[in-house]
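So you can see what is in the structure, the chains are spelled out below.
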Amino acid sequence: MTDATNIAGSGSASTLITRTLPSVEATGAMARALAELLRPGDTVLLRGDLGAGKTTLVRMLAIAFGASERDIASPTFVLAHEYRTTHAGKARTAPIARIIHIDAYRVTSSDDLEAAGWDQMFDARTRTPTPIARGGSVAIIEWPDRLPPGSLAPAESLLAITLEASGETSRRMTLSIPASWSTRTEAALIRDLPPIQCRTTGTWVAPTSETYPFANERARLADLHGWLSEGYKTTREIKEREE
């Protein structure tokens with residue numbers, strides 16, 4: 001299920017998208033699309049109640065960037081973790097080499113940020129994630145509303161995600177994509193296309209996939225062969241005016 005609208009905020013319009021993700025695999029497909037959307041210097045605000053799946057989504061994003069799964073953990077007790085990535089994504093002209101994962105649940109003051117090395121992770125002037133030698137950084141922040149004012153770049157330049165548990169494994173995801181990101185091809189794909197289950201393989205496909213709505217080119221060809229060989233049958237008579 002998808003709903004996309006434009007909302008006004010701070011003098012510009014952002015795109016608000018709501019999706020119902022029926023399984024962990026569907027959420028994983030959405031995470032892959034978000035990884036394609038992000039660029040060096042971006043920050044993601046991740047909101048949701050305890051148990052909504054925030055850290056699971058961070059893990060999926062980090063894996064989509066090529067981070068090692070065994071290195072990914074909840075940073076609740078240490079405020080921040082850093083994950084190094086192995087690839088940047090097909091659409092990027094600049095590599096993303098580091099993911100900064102922050103859980104601000106226990107932040108009480110700017111002293112907590114200073115002790116965690118905030119000024120090394122974020123540029124003091126722009127408040128965007130600082131690059132490292134191999135490339136740029138992105139930041140994903142759980143419980144962002146607990147950060148002191150001025151800790152981050154202006155809200156209208158940040159991607160905001162809210163997760164809600166709608167079942168044991170299903171999630172409701174709401175995205176607020178900044179207007180300044182509207183020129184990114186992936187933003188339009190995420191707005192217009194939901195993650196979908198490939199009817200050939202049964203696996204979930206990200207809206208940014210080059211072979212959407214199929215898992216891969218082989219699955220697409222297998223589906224085409226099914227139609228050409230009359231392997232698929234309709235369940236009702238086709239009316240004369242239908243194409």
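Refer to the structure presented above.
All values derive from a computational prediction rather than experimental measurement.

Q: Talk me through the packing of helix α1 (residues 24-37) against helix α2 (residues 54-64); I want residue IDs and the actual numbers.
A: Between α1 and α2, whose axes approach to 8 Å, the crossing angle comes to 55 degrees. Considered as vectors, α1 and α2 are oriented oblique to each other. Every pair of crossing elements has a handedness; the one defined by α1 and α2 is right-handed. Only Leu57, Met60, Leu61 and Ala64 of α2 make contact with α1, whose side of the interface consists of Val24, Thr27, Gly28, Ala31, Arg32, Leu34 and Ala35.

Q: Before we move on, can you summarise the packing of α1 against helix α5 (residues 185-192) with the specific residues and values?
A: The geometry of α1 relative to α5 is characterised by a closest axis approach of 8 Å and an angle of 155 degrees between their N-to-C directions. In terms of their interaxial angle, α1 and α5 are classed as roughly antiparallel. In the packing of α1 onto α5, the handedness of the crossing is left-handed. Contact residues: α1 offers Met30, Ala33, Leu34, Glu36 and Leu37, while α5 offers Glu186, Ala187 and Ile190. Of the residues assigned to the contact of α1 with α5, the class counts are six nonpolar, no polar and two charged.

Q: If you had to explain the packing of aromatic side chains to someone new, which residues and values would you point to?
A: Across all of its chains, the model carries two aromatic pairs by this definition. Across the ring face of Trp143, the terminal group of Arg146 is positioned such that the distance to the ring centre comes to 5.3 Å. One Lys or Arg, Arg184, reaches over the ring of Trp181 and ends 4.0 Å from the middle of that ring.

Q: Which residues make up the pattern of salt bridges, and what values go with them?
A: All told, the structure shown has 10 salt bridges when counted by the stated rule. Between Asp42 and Arg184 there is a salt bridge, and its shortest N-O distance comes to 2.8 Å. Pair noted here: Asp42 is in the loop between α1 and β3 (43-47) and Arg184 is in the loop between β8 (171-177) and α5, with a separation of 142 residues, a long-range link. Judged by relative accessible area, Arg184 falls into the buried class, the value being 15%. Between Asp145 and Arg47 there is a salt bridge, with the nearest N and O atoms lying 2.9 Å from each other. Here the residue Asp145 occupies a position in the loop between β6 (136-142) and β7 (159-165), and Arg47 occupies one in strand β3, the gap between them amounting to 98 residues. Judged by its relative accessible area of 58%, Asp145 falls in the exposed class. Taking the relative accessible area as the measure of exposure, Arg47 reaches 26% and is therefore partly exposed. Where salt bridges share partners, they join Glu82, Arg84 and Arg98 into one cluster.

Q: Can you lay out α1 for me, pointing to particular residues and giving the numbers?
A: In this model, α1 (14 residues) spans 20 Å end to end at C-alpha, consistent with the 20 Å of a helix rising 1.5 Å per residue. The buried fraction of α1 is high, at 11 of 14 residues. Within α1 the residues assigned to the buried category are Ala26, Thr27, Gly28, Ala29, Met30, Ala31, Ala33, Leu34, Ala35, Glu36 and Leu37.

Q: So, the environment of Thr208: which residues are in play, and what are the values?
A: Its place among the elements puts Thr208 in the loop between β10 (204-205) and α6 (217-228). For Thr208, a relative accessible area of 7% puts it in the buried group.

Q: Describe the nonpolar core, listing the residues and the values that go with them.
A: If you look at the biggest cluster of nonpolar residues, it comprises 38 residues, and the most contacted ones within it are Leu34, Leu159, Ile161, Met173, Leu175 and Ile190. No other element matches the eight residues that α1 contributes to this core. If near-sequence neighbours (up to four positions away) are discounted, Leu159 is found in contact with Leu34, Leu37, Leu38, Thr43, Val44, Leu45, Ser176, Ile177, Pro178 and Trp181. If you look at the next biggest cluster of nonpolar residues, it comprises 18 residues, including Leu79, Ala80, Phe122 and Leu147.

Calculation criteria
Residues numbered from 1 in each chain as written. Predicted model: local features only at pLDDT ≥ 70, side-chain atom pairs only at ≥ 80, totals over all residues. Heavy atoms only, no water. Axes fitted to C-alpha atoms, helices over the stretch in contact; angles between N-to-C directions. Helix = DSSP H or I, 4+ residues; strand = E, 2+ residues; numbered from the N terminus. Parallel < 35°, antiparallel > 145°, perpendicular 65-115°, else oblique. Left-handed = near helix turned anticlockwise from the far one by under 90°. Contact = heavy atoms within 4.5 Å. Nonpolar A, V, L, I, M, F, W, Y, C, P; charged D, E, K, R; others polar. Phe/Tyr/Trp six-rings, centres within 6.5 Å; stacked < 30°, edge-to-face > 60°. Lys NZ or Arg CZ within 6 Å of the ring centre and 35° of its normal. Salt bridge = Lys/Arg side-chain N within 4 Å of Asp/Glu carboxyl O. Buried < 20%, exposed > 50% of the residue type's maximum accessible area, 1.4 Å probe, protein only. Expected span 1.5 Å × (residues − 1). Core = buried A, V, L, I, M, F, W, Y, C linked by side-chain atoms within 4.5 Å.

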